[in-house]
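The residues making up each chain are set out below.
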Amino acid sequence: MSSVDIAQIPTPCYVCEEQLLEANLKLLRRVSDESGAKVILALKGFAMWSTFDLVGSYLDGCTASGLHEARLAREEMDKEVHTYSPAFKEEDIDEIAMISDHIVFNTPSQLQRFSTRVKALNPSVSLSLRVNPEVSSSPVDLYNPCALYSRLGTTLKNFDPSLLDDLDGLNFHALCEQNVDALEAVLLSLEEKFGPYIDEMKYINFGGGHHITRNDYDVDRLIRVIRDFRTRHNGIKVYLEPGEAVGWQTGVLVATVLDVFHNGIDIAILDISAEAHMPDTLAMPYRAEVKGAGEAGEKDFTYRLGGNTCLAGDVMGDYSFDEVLKIGDKIVFEDQIHYTFVKNTTFNGIRLPSLAIWRKDNSLDIVREFGYEEYKTRLS
Ligand SMILES: *Cc1c(COP(=O)(O)O)cnc(C)c1O
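Remember, predicted model here, so these are calculated numbers, not experimental data.

1. With respect to the sheet that holds strand E5 (residues 80-84)
Right, on to step 1. With parallel pairing, the nine strands of this open sheet are ordered in space as E2-E10-E9-E8-E7-E6-E5-E4-E3. Every interior strand has two partners, whereas the edge strands, strand E2 (38-39) and strand E3 (41-42), have only one.
Right, on to step 2. As paired elements, strand E8 (residues 169-171) and strand E9 (residues 203-205) share three bridges and run parallel to each other. Bridge pairing in E9 links Leu170 to Ile204.
Right, on to step 3. Docked against the sheet, helix H5 (residues 108-121) engages strand E6 (102-105) and strand E7 (126-130), running at close to 175° with respect to E7.
Right, on to step 4. Those strands touched by helix H7 (residues 219-232) are E9 and strand E10 (237-240), and its axis lies near 145° from that of E10.

Right under this line is the structure:
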């Protein structure tokens, strides 16, 4: 349950609740302790580095998608750093080699191009290849790494056993917001396609998309599935790299009503933007929950909630409330800590929401505020 005192929050602001984040981390730690898998944070989904002391006290490190995320992982958590990229650039690879513990290549050609070089720079680095198990039940193609013509990972057809000499592990990432049954289907396909190679590896990385901290996730079955997999493959090391499951339901985005008017329907303009601050509500798309609000028509007063940019479609949706909305009212969007501020833009010059942590002692810690500089410095 949220304990944030919304009245104290200056808007716009993302508020991560330390207590809820820690509850997620404890559950992920239990998966790790009971299954023997290592769990690392995927920075792509959650990168509030002011929480990384806490995150690093439960998880084993971070997974990064390129140089910048790898640097952040090294600078702010300094545990295991796994770096993957659909394609590494010549100018980045040396620095990546120096700060990474694991480097994951997307294709045999990338592996062949860079493996000798990164090993020379960092002899203890582990090398892996991302394979594509070609099975996924991901809900939408935008988030399906195994869709037809996927550019992510090496299919069995493109795999050559001669690569094995250079490899310590194999990675896959095939899930999105899914339960353990989806993982089991992927593992079946992985073992069918790559089974003989798995036993030659030191580790297999099961990627992300495991919705472990969602209420209905079958955590005990995940632990069994990992243990069984490890037993079938001589105790092989397993990694999980969730992003969303770390930040899942750990906080809110708080906005203020700036104006209310009527144009066929009642409309409220907020000091945030769906496009700039809640992009998955438009891209996935999905409807964010608003605290205390219902579906359109469910409660007495229905409003279309819209953002403060000039994009016509910058709309969060239609929500109903028990009371009339007034200028200055706060609107609280639930579960806005993953895949939100990591994707924010300064589109239309709109101010980026502040980042805050609601501490366990019920104090508010505003860790970052943004202004005009963030807009200007990204342009010239
Ligand atoms: C996005 C991604 C993750 C994290 O996925 P979640 O759905 O946030 O758990 C992990 N590994 C890779 C390779 C990814 O691309």
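2. Describing helix H3 (residues 67-76)
Right, on to step 1. What H3 keeps buried is the set Leu67, Ala70 and Ala73. Projected onto a plane normal to the axis of H3, the buried residues spread over an arc of 125° and lie on a single side.
Right, on to step 2. For H3, the secondary structure elements touched by its buried residues are strand E4 (61-64), E5 and helix H4 (90-99).

3. Quick look at the side chain of Asp60
Right, on to step 1. Note that Asp60 resides in the loop between helix H2 (52-58) and E4.
Right, on to step 2. On the basis of relative accessibility, which here comes to 15%, the residue Asp60 falls in the buried class.
Right, on to step 3. Non-local contacts of Asp60, meaning those with residues more than four positions away in its chain, are made with Arg29, Ser32, Lys38, Val39, Ile40, Lys79 and Glu80.

4. Notes on the domain arrangement of the chain
Right, on to step 1. Partitioning the chain into structural domains gives domain 1 (6-14 + 251-336 + 344-376) and domain 2 (36-247).
Right, on to step 2. When each unit is reduced to the centre of its C-alpha atoms, the spacing between domain 1 and domain 2 is 34 Å.
Right, on to step 3. Both faces considered, domain 1 and domain 2 share a buried interface measuring about 620 Å² in area, 66% of it formed by carbon and sulfur atoms.
Right, on to step 4. It is Ala283, Met284 and Ile357 that lose the most area in domain 1 upon contact with domain 2, and together they represent 61% of the buried surface on that side.
Right, on to step 5. Our count for the domain 1 to domain 2 interface comes out at zero salt bridges.
Right, on to step 6. Inspection of the domain 1/domain 2 interface yields one residue pair in polar contact (both at pLDDT 80 or more).

5. Regarding the nonpolar core
Right, on to step 1. Within the largest apolar cluster, 98 residues are counted, with the highest numbers of intra-cluster contacts made by Phe46, Phe172, Ile204, Phe206, Leu305 and Phe333.
Right, on to step 2. When residues in this core are grouped by element, the largest group, nine residues, is from helix H6 (residues 180-198).
Right, on to step 3. A domain-level breakdown of this core finds at least three residues from each of domain 1 (6-14 + 251-336 + 344-376) and domain 2 (36-247).
Right, on to step 4. Leaving out residues up to four positions away in the same chain, Leu305 has contacts with Ala268, Leu270, Val290, Val315, Met316, Gly317, Tyr319, Phe321, Leu325, Ile331 and Phe333.
Right, on to step 5. Within the second largest apolar cluster, ten residues are counted, among which are Val4, Ile6, Ile9 and Val15.

6. A short note on the site of the ligand
Right, on to step 1. In the vicinity of the ligand, the contacting residues are Ala42, Lys44, Arg130, His173, Gly208, Gly209, Glu241, Pro242, Gly243, Glu244 and Tyr339.
Right, on to step 2. The contact in question runs from an oxygen atom of the ligand to an N or O atom on the side chain of Lys44, over 2.9 Å.
Right, on to step 3. Within the contact set of the ligand, an oxygen atom lies 2.8 Å away from a backbone nitrogen or oxygen of Glu244.
Right, on to step 4. Taking 390 Å² as the accessible area of the ligand by itself, protein coverage stands at 89%.
Right, on to step 5. For the shell around the ligand, the per-class residue count stands at three nonpolar, four polar and four charged.

7. A closer look at the pairing of E5
Right, on to step 1. Burial of E5 is extensive: five of the five residues sit out of reach of the surface.
Right, on to step 2. Sheet topology note: the E4/E5 ladder contains four bridges and is parallel. The partner of Gly61 across the bridge, within E5, is Glu80.
Right, on to step 3. Crossover handedness for the path E4 to H3 to E5: right-handed.
Right, on to step 4. The pairing of E5 with E6 spans three bridges and is parallel. Each bridged residue has a counterpart across the sheet, and for Thr83 the counterpart in E6 is Ile103.
Right, on to step 5. The parallel pair E5 and E6, bridged by H4, forms a crossover whose chirality is right-handed.

Definitions and limits used
Residues numbered from 1 in each chain as written. Predicted model: local features only at pLDDT ≥ 70, side-chain atom pairs only at ≥ 80, totals over all residues. Heavy atoms only, no water. Pairing = 2+ DSSP bridges. Helix = DSSP H or I, 4+ residues; strand = E, 2+ residues; numbered from the N terminus. Contact = heavy atoms within 4.5 Å. Axes fitted to C-alpha atoms, helices over the stretch in contact; angles between N-to-C directions. Buried < 20%, exposed > 50% of the residue type's maximum accessible area, 1.4 Å probe, protein only. Arc of directions from axis to C-beta. Domains from an automatic or database assignment. Buried area = accessible area lost by both parts, 1.4 Å probe. Salt bridge = Lys/Arg side-chain N within 4 Å of Asp/Glu carboxyl O. Polar contact = N/O pair within 3.5 Å; in protein donor to acceptor, adjacent residues only side chain to side chain. Core = buried A, V, L, I, M, F, W, Y, C linked by side-chain atoms within 4.5 Å. Near = heavy atom within 4 Å. Areas by Shrake-Rupley, 256 points an atom, 1.4 Å probe, with all protein chains shown as cover. Nonpolar A, V, L, I, M, F, W, Y, C, P; charged D, E, K, R; others polar. Right-handed = clockwise from strand over helix to strand, strands pointing away.

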